Amino acid sequence: MSAVEAIAQLERYLMGLHPMPEEMLRQGTALFRTLQLPKGALLLREGKICRELAFVHSGLLRAFSLRDDGQELTSCFAMKNDFICDYNSFVHQVPASKSLQALEDCCILTITRPQLQQLQEEHSAWRHLGKILTDKEFTEKEKWANRLRISTAAERYNDVLTEQPGLVNRVPVHQLASYLGVTTRTLSRVRKALSTTV
């Protein structure tokens with residue numbers, strides 16, 4: 001994918017969230033750099049400072065943290081047209097609590113925190129866009145946290161099938177199970193039960 005195509009996709013996505021004058025939009029998107037991230041590569045390592053916000057043009061990434069026993073806990077996946085970063089680390093410039101890893105070859109667009117801050121200071125439309133993205137992120141995280149607390153494993157699996165179509169066929173079973181908050185054995189039972197009811 002060319003950088004031009006990636007920027008055009010970003011612009012379409014942002015305009016769908018919050019329309020703004022084309023010149024103002026392009027002043028901002030011109031600050032994004034294109035990065036090719038091979039499968040398995042880390043965009044951010046847990047414990048490091050998150051200095052960039054990334055937009056996924058193509059591919060798939062995940063956010064995960066390591067428990068003391070070495071077990072990986074997957075907290076989210078980012079696909080086409082998703083933004084991803086360690087939000088707390090990015091905003092407050094503190095060590096990240098998670099790593100960001102490419103699960104497929106990825107093409108992403110990144111912008112640094114100082115660049116984004118300057119853009120939002122100069123243009124109210126970009127400030128408003130930032131608020132929309134932040135609200136969207138927190139709403140989705142809160143909704144998923146509530147599901148982990150009150151929904152059954154089957155309900156969570158069905159939610160993923162509905163809201164993130166194709167994801168279950170693109171990630172390893174153990175990572176999907178971790179994301180759903182279940183063991184791989186439980187996930188296998190859920191899938192088997194659903195397949196017999198279709």
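Note that the coordinates shown come from a computational prediction; the quantities given were computed from them, not determined experimentally.

### Describing the packing of helix 5 (residues 124-150) against helix 6 (residues 153-163)
Consideration 1: For the pair helix 5 and helix 6, interaxial distance at closest approach is 10 Å and the crossing angle is 150°. As far as their axial angle goes, helix 6 and helix 5 are roughly antiparallel. Residues Lys143, Trp144, Arg147 and Leu148 of helix 5 touch helix 6, and the partners they reach there are Arg156, Asp159, Val160 and Glu163.
Consideration 2: For the contact of helix 5 with helix 6, the residue count by class is three nonpolar, no polar and five charged.

### Re the environment of threonine 134
Consideration 1: As for its placement among the helices and strands, threonine 134 is situated in helix 5.
Consideration 2: Along the chain, threonine 134 and tyrosine 87 lie 47 residues apart, while their C-alpha atoms are 9.1 Å from each other.

### Side note on the nonpolar core
Within soluble globular proteins, side chains that are nonpolar tend to cluster in buried spots.
Consideration 1: If you look at the biggest cluster of nonpolar residues, it comprises 37 residues, and the most contacted ones within it are Leu14, Phe83 and Ile84.
Consideration 2: Beyond its immediate chain neighbours, meaning those up to four positions away, phenylalanine 83 contacts Leu10, Tyr13, Leu14, Phe32, Leu53, Ala54, Phe55 and Leu133.
Consideration 3: With 18 residues, the next largest nonpolar core counts Trp144, Tyr157, Val160 and Leu176 among its residues.

### Things to note about the side chain of histidine 123
Consideration 1: As for its placement among the helices and strands, histidine 123 is situated in the loop between helix 4 (113-122) and helix 5.
Consideration 2: There is a polar contact of 2.9 Å between the side chain of histidine 123 and the side chain of glutamine 27.
Consideration 3: Sequence-distant contacts of histidine 123, that is, excluding residues within four places in its chain, are made with Met24 and Gln27.

### Looking at the sheet that holds strand 6 (residues 83-84)
Consideration 1: In spatial order, the strands read 1-8-3-6; together these four strands make up an open sheet with antiparallel pairing. The strands lining the two open edges of the sheet, one partner per strand, are strand 1 (33-37) and strand 6.
Consideration 2: Pairing geometry for strand 3 (residues 52-58) and strand 8 (residues 106-112), over six bridges, is antiparallel. Residue pairing for strand 8: leucine 53 is matched across the bridge by isoleucine 111.
Consideration 3: Along the sheet, helix 4 contacts strand 3 and strand 8; its crossing angle with strand 8, the most-contacted strand, is approximately 60°.

### Brief notes about the pattern of salt bridges
Consideration 1: All chains considered together, the criterion is met by 11 salt bridges.
Consideration 2: Between arginine 26 and glutamate 11 there is a salt bridge; the shortest N-O distance is 3.7 Å. Here the residue arginine 26 occupies a position in helix 2 (residues 22-29), and glutamate 11 occupies one in helix 1 (residues 3-17), the gap between them amounting to 15 residues.
Consideration 3: Looking at arginine 26, the relative accessible area reads 45%, which means it is partly exposed.
Consideration 4: For glutamate 104, the salt bridge is made with arginine 170, and the minimal N-O distance between the two is 2.8 Å. With glutamate 104 in the loop between strand 7 (99-102) and strand 8 and arginine 170 in the loop between helix 6 and helix 7 (173-180), the pair connects residues that are 66 residues apart, well separated along the chain.
Consideration 5: The exposure class assigned to glutamate 104 is partly exposed, which follows from its relative accessible area of 22%.

Reading the values: the criteria
Positions within a chain are numbered from 1, following the residues in the order the chain's sequence is written. Residue-level local features of this predicted model are given only where pLDDT is at least 70; pairs of side-chain atoms are given and counted only at 80 or more, and the full residue set underlies all totals for whole chains, interfaces and linings. To get the side-chain values, take all heavy atoms of the structure and skip hydrogens and water. Here an angle of 0 to 180 degrees is reported between the N-to-C directions of two axes, which are lines fitted to C-alpha atoms, with helices fitted over the stretch in contact. Strands are runs of DSSP state E lasting at least 2 residues, helices are runs of H or I lasting at least 4, and numbering of each runs from the N terminus. Any angle between 65 and 115 degrees counts as roughly perpendicular, while under 35 counts as roughly parallel, over 145 as roughly antiparallel, and the rest as oblique. Between two residues, a contact is recorded if the distance between any of their heavy atoms is within 4.5 Å. Think of it as three bins: nonpolar holds Ala, Val, Leu, Ile, Met, Phe, Trp, Tyr, Cys and Pro, charged holds Asp, Glu, Lys and Arg, and polar takes everything else, Gly as well. Here, the term nonpolar core denotes a set of buried Ala, Val, Leu, Ile, Met, Phe, Trp, Tyr and Cys residues that are joined through side-chain atoms within 4.5 Å. Residue exposure (1.4 Å probe, protein chains only): buried if accessible area is under 20% of the type maximum, exposed if over 50%, otherwise partly exposed. Polar contact is defined as a pair of N or O atoms within 3.5 Å, subject to the rule that within protein one atom must be able to donate a hydrogen and the other to accept it, and that residues adjacent in sequence are counted only when both atoms are side-chain atoms. Here a strand pair is declared whenever DSSP counts at least two bridges between the two strands. By definition here, a salt bridge exists when the distance from a side-chain nitrogen of Lys or Arg to a carboxyl oxygen of Asp or Glu is within 4 Å.

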